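Close look at the chain arrangement
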Amino acid sequence: MIPQKAKHITLKFFSLFSAVRAYNILVLVCAQYLAAIFIFSPTKSLKDVVFDMHLLFLVLASVFVIAGGYIINNFYDDAVDKINRPLKAGLDNYVKQATKLRLYFFLNFTGFCFGILISPRAALFFAVYIFAIWFYSHKLKKYPFIGVISATVLTILPFFAVFVYYENFSEIIFFYAVYLFLVIMVRELIKDLQNMRGAIASDYSTLSLVYGERKTKQLAILALVFTGIPISILFSYPALSYMRYYFYFAIIVLVFIGFYLWKSKTVKHYRILHNILKLLLFVGVLCLTFIDTSLLLDKVIDILN
C-alpha cells in the first residue's frame with residue numbers, strides 16, 4: 001500500500017504536470033535546441049551550443065512563462081474543462097486555485113528574471129508575452145476567429161525567440177514556421193469543435209458556435225490546403241535534404257485529416273484528429289535534425305570525441 005502522504009504528493013505532482021501541459025513544453029524545448037544546433041549555429045560545436053548560457057536562459061524563460069500561461073488558462077477555463085474534459089479537470093483541480101495563482105506569479109516572475117539575464121530586449125519580449133497570454137486567457141479566447149489566431153500566434157512565438165536571439169535569418173526555418181502556423185491553426189479549429197459543449201455552457205462566442213460546425217470545418221480544410229504553399233517552397237531548397245521525406249509523410253497525413261474532419265461528428269472524432277496533429281508536430285520538430293545529414297554526422301562525431 002502506498003502511504004497516504006506519498007499518494008497525496010504524487011497526485012499533486014501529476015496535477016501540476018497536467019496543468020502546465022509538460023508535453024507541449026518539452027516539444028518546444030526540443031524545437032528551440034534543435035533549431036539552434038542544426039540551423040542557426042551549424043559551425044559551432046554541440047558543446048558550445050548546449051552550454052551557451054544565454055540560450056539556456058532563453059529556453060528557461062520560455063519554459064517558465066509558458067507554464068505560467070497554461071496555469072492561468074487552466075484557471076479561467078475551470079468551468080469549461082469540467083464539461084469538456086472532466087477527467088483532466090478532476091486531476092487539475094487536485095491543486096487549489098489559490099495555489100495555482102501563486103505558482104502563476106512565481107513562474108512569470110522567474111521567466112522574466114531569466115529574460116533580464118539575457119538582455120533588456122528579451123525581458124521586454126517576455127513581459128509583453130506574459131501580458132498577451134493573460135489577455136488571451138481572460139478575453140480573446142471567447143471571441144470567434146481572433147481567439148484561434150491569437151492562440152496560434154502565442155503557441156509559435158517562443159519558437160521565433162531563437163530566431164531573434166541568433167539574429168540569423170533562415171528562409172527554411174521561416175517557411176517551416178509558416179507551415180507550423182497553419183497546422184497549429186487547424187489544431188486550434190479542431191479543438192474549437194471539440195470543446196463546443198463547454199463553450200455553450202460558459203457563454204463563449206467561439207468560431208464553431210457563431211458560424212457553425214460546417215464553416216469551421218471548411219476554414220480548417222482551407223488552412224490544410226494552404227499548408228501546400230510553404231511545403232512546395234521548402235521542396236525548392238536543396239538544403240532541406242532528408243527532411244523532405246517528413247513533408248511527404250505530412251502531406252499524406254494532412255490529406256487524411258481533411259477527409260476525416262469533413263466526416264467527423266463526435267467529440268471522439270475531433271479528439272483523434274487533435275492527437276494526430278500533435279504527433280505530426282512532434283515528429284516535425286525531431287526531423288529538424290535531418291535538414292543537413294552531414295551536419296548531424298559532425299555533431300555525433302563531436303560527441304564521441
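That block above? That's the structure.
Residues numbered from 1 in each chain as written. Predicted model: local features only at pLDDT ≥ 70, side-chain atom pairs only at ≥ 80, totals over all residues. Heavy atoms only, no water.

**Remarks on the overall build of the protein**
Counting its regular elements, the protein contains 16 helices and zero strands. Within the protein, buried positions represent 47% of all 305 residues. Within the protein, contacts between residues at least 6 apart in sequence are counted, and of these 77% link residues at least 24 apart. Working note: accessible area of the protein is about 15,500 Å², and carbon and sulfur atoms make up 72% of it. (Helix = DSSP H or I, 4+ residues; strand = E, 2+ residues; numbered from the N terminus. Buried < 20%, exposed > 50% of the residue type's maximum accessible area, 1.4 Å probe, protein only. Contact = heavy atoms within 4.5 Å. Areas by Shrake-Rupley, 256 points an atom, 1.4 Å probe, with all protein chains shown as cover.)

**Some thoughts on the nonpolar core**
Nonpolar side chains in soluble globular proteins tend to end up buried together. Grouped together as the largest cluster of nonpolar side chains are 83 residues, with contacts concentrated most on Phe159, Tyr176, Tyr179, Met243 and Phe247. Among the elements that take part in this core, helix 10 (residues 171-194) stands out by supplying 14 residues, more than any other. Those residues in contact with tyrosine 179 that sit more than four places away from it in its chain are Thr227, Pro230, Ile231, Tyr246, Phe247, Ala250, Leu254 and Leu280. (Core = buried A, V, L, I, M, F, W, Y, C linked by side-chain atoms within 4.5 Å.)

**Considering the side chain of arginine 187**
Structurally, arginine 187 is set in helix 10. A residue is classified by how much of its surface remains accessible, and arginine 187, at 10% relative accessible area, is buried. If we skip the residues at most four places from it in the chain, arginine 187 touches Thr155, His274, Leu277, Lys278 and Leu281.

**Concerning helix 14 (residues 244-263)**
Over its 20 residues, helix 14 extends 29 Å from the first C-alpha to the last, a length consistent with the 28 Å expected when each residue adds 1.5 Å. Every buried residue of helix 14 is listed here: Arg244, Tyr246, Phe247, Ala250, Val253, Leu254, Ile257, Gly258 and Leu261. For helix 14, the angular spread of the buried residues around the axis is 155 degrees, confining them to a single face. Facing away from the buried side of helix 14 by over 90 degrees, the exposed positions are Tyr245, Ile252, Phe259 and Lys263. Contacts from the buried residues of helix 14 go to helix 10, helix 12 (207-226), helix 13 (228-235) and helix 15 (267-286). (Expected span 1.5 Å × (residues − 1). Arc of directions from axis to C-beta.)

**Considerations on the layout of surface pockets**
Counted as a void, the second largest pocket has a volume near 240 Å³. Broken down by secondary-structure element, the contributors of at least two residues to the lining of the second largest pocket are helix 4 (53-76), helix 8 (120-138) and helix 9 (146-166). In terms of residue count, the dominant contributor to the lining of the second largest pocket is helix 8 (five residues). Considered class by class, the residues forming the lining of the second largest pocket number nine nonpolar, two polar and two charged. (1 Å grid on protein atoms, 1.4 Å probe; cavity = no way out; pocket = protein on both sides within 12 Å on 5 of 7 lines; lining within 4 Å. Points joined across faces, edges and corners; volume = space filled by probe spheres on them. Nonpolar A, V, L, I, M, F, W, Y, C, P; charged D, E, K, R; others polar.)

**Digging into the environment of leucine 224**
Checked against the element boundaries, leucine 224 lands in helix 12. Judged by its relative accessible area of 9%, leucine 224 is buried. The contact partners of leucine 224, leaving out residues within four places of it in the chain, are Val186, Leu254, Ile257 and Gly258.

**With respect to the packing of aromatic side chains**
Within the structure shown, the criterion is met by 20 aromatic pairs. When the ring of phenylalanine 175 is compared with that of tyrosine 237, the centres are 6.5 Å apart and the planes differ by 35 degrees; the resulting orientation is tilted. Residue phenylalanine 175 is located in helix 10, and its partner tyrosine 237 is located in the loop between helix 13 and helix 14; the two are separated by 62 residues in the primary sequence. For phenylalanine 175, a relative accessible area of 18% translates into the label buried. Centroid distance phenylalanine 235 to phenylalanine 247: 6.4 Å. Interplanar angle 90 degrees. Geometry classified as edge-to-face. One end of the pair, phenylalanine 235, is in helix 13; the other, phenylalanine 247, is in helix 14, and 12 residues separate them in sequence. (Phe/Tyr/Trp six-rings, centres within 6.5 Å; stacked < 30°, edge-to-face > 60°.)

**Some remarks on the environment of phenylalanine 125**
Along the chain, phenylalanine 125 turns up in helix 8. Residue class for phenylalanine 125 comes out partly exposed when judged on its relative accessible area of 27%. Taking C-alpha positions, phenylalanine 125 is 9.0 Å from phenylalanine 112, a pair spaced 13 residues apart along the chain.

**What about the pattern of salt bridges?**
With the rule as written, the count across this model stands at two salt bridges. The partner of arginine 187 in a salt bridge is glutamate 188, and the shortest N-O contact between them spans 3.8 Å. A relative accessible area of 8% means that glutamate 188 is categorised as buried. For glutamate 188, the salt bridge goes to lysine 191, with nearest N and O atoms at 3.5 Å. With glutamate 188 and lysine 191 both in helix 10 and three residues apart, this pair spans about one turn of that helix. Residues participating in the shared-partner salt-bridge network are Arg187, Glu188 and Lys191. (Salt bridge = Lys/Arg side-chain N within 4 Å of Asp/Glu carboxyl O.)

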